[in-house]
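What follows is each chain in one-letter form.
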Amino acid sequence: MEHPLNDPGDPSEGFDTRAVRAGQRRGPEQEHSDPIYATSSFVFSSAAEAAARFAGDEPGNIYARFTNPTVRTFQDRLAALEGGEACVATASGMSAILSTCLSLLKAGDHIVSSRSVFGSTTNLFSNYLTRFGIRVTYVPLGDLKAWEAAIRPETRLLFAETPSNPLTELVDIRALADLAHAHDCLLAMDNCFCTPALQRPLDLGADLVIHSATKYLDGQGRCVGGAVVGDAERVGKEVFGFLRTAGPTMSPFNAWVFLKGLETLRLRMRAHCESALALAQWLEAQPGVARVHYPGLASHPQHALATRQQAAFGGIVAFEVKGGREQAWQVIDSTRLLSITANLGDAKTTITHPATTTHGRIKPEQRESQGISESLIRVAVGLEDIEDIQRDLARGLDRFP
């Protein structure tokens, strides 16, 4: 069965208007806020209607594993913001990646991935997809020659995050898309760090956009979810078909929470970006800091690309302290305001040690190749007063000689 095409919204409307209103279909009660359809199944008016729905001859709700009005509204709204024809919402960001790979790839196919991806993405590619005959090669994110050299006749998918987690490295999306299409490959971009408020990969030539809705799309650390956005054939039919059968489904309640998050997305992203830039500039002046990774800094090697490709520079700041794990942990453990947790995209600022948390399950040599040292700290800058965030970090940084 083909999934009914998602309503892309009115492209003449502004981003914030679409973030608030796209995809909503009011019911008989004429509710103003999006309702939560907390039901596992839907009733048909006749046996003939049920048969037509199941056969795909007639659009409409069937079973909440793959059709739910609240989830559909979230899908339509995110598709409108990303500029995609279709969106499939999933139970988590990782299930969005899994659904993409298992619906569009087969045994014998090959993935070229940036080596600068989330640790669980590396584990999925290297430890699980390989069991089903899907191979992967990792390359430096910004090195287009390395990407091209890694492509084989059986390569079907190029996968990247930009900015990357946690070092905020970038790749030229348009150039990578051109390279992928020249070799008859698809390009999937993880847009978790930027969201469509700052970056729209589909406009730059990417074929698929992946989200962990858990992060900035929610914005307050309340729910887990994911999404795949793209065209009607690959996403609206193939990825949807996998979700219908395998069932990595987003719950209606989570979809409703994400809808509320989308309503304030650009406002929040502006605030995250403003504070993150201020924090990065402050960190560069601290004697205990060896290096700061943030695309908004002139010292970032890809600052010019970030300026051209993104509307702003994001809310993630990574920095290396002078020393190693002991010194990094000292800074983290000295905080009183910041939350020591690996989640990001929250209104509350979070701090973590990537080498032992988000990337702790990958091999040490892989972490080294990604530049994730024992001295690295990642801060996801929240919405608190920037002076309070700086003061909290200073508790540990001031202990450095």
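Residues numbered from 1 in each chain as written. Predicted model: local features only at pLDDT ≥ 70, side-chain atom pairs only at ≥ 80, totals over all residues. Heavy atoms only, no water.

> Describe the overall build of the chain, naming the residues involved and giving the relevant values.
Within the chain, the regular secondary structure consists of 15 helices and twelve strands. The globule rule puts the C-alpha radius of gyration for 401 residues at 21 Å, and the 21 Å found for the chain is close to it. Across the 401 residues in the chain, those meeting the buried criterion constitute 57%. As presented, the chain carries roughly 16200 Å² of accessible surface, and 51% of it is formed by carbon and sulfur atoms. (Helix = DSSP H or I, 4+ residues; strand = E, 2+ residues; numbered from the N terminus. Rg over C-alpha atoms; globule rule 2.2 N^0.38 Å. Buried < 20%, exposed > 50% of the residue type's maximum accessible area, 1.4 Å probe, protein only. Areas by Shrake-Rupley, 256 points an atom, 1.4 Å probe, with all protein chains shown as cover.)

> Lay out the side chain of Ser 212 in plain terms, naming residues and giving numbers.
Inspection of the secondary structure assignment puts Ser 212 in strand 6 (residues 208–212). A polar contact of 2.9 Å, which involves the side chain of Ser 212, links it to the side chain of Lys 215. (Polar contact = N/O pair within 3.5 Å; in protein donor to acceptor, adjacent residues only side chain to side chain.)

> Explain the environment of Arg 395 to me, and be specific about the residues and the numbers.
Position of Arg 395 among the secondary structure elements: in helix 15 (residues 386–397). Overall, the relative accessible area of 42% leaves Arg 395 in the partly exposed class. The contact partners of Arg 395, leaving out residues within four places of it in the chain, are Ser 334, Thr 335 and Arg 336. Separated by 2.7 Å, the side chains of Arg 395 and Asp 392 make a polar contact. (Contact = heavy atoms within 4.5 Å.)

> Would you mind going over the environment of Ala 255 in detail, with residue names and values included?
Assignment of secondary structure puts Ala 255 in helix 10 (residues 252–263). Sequence separation of Ala 255 and Arg 72 is 183 residues, and the distance between their C-alpha atoms is 8.5 Å. With sequence-adjacent residues up to four places away left out, Ala 255 is seen in contact with Thr 70, Val 71, Phe 74 and Met 250.

These values are about where atoms sit, not about what they do.
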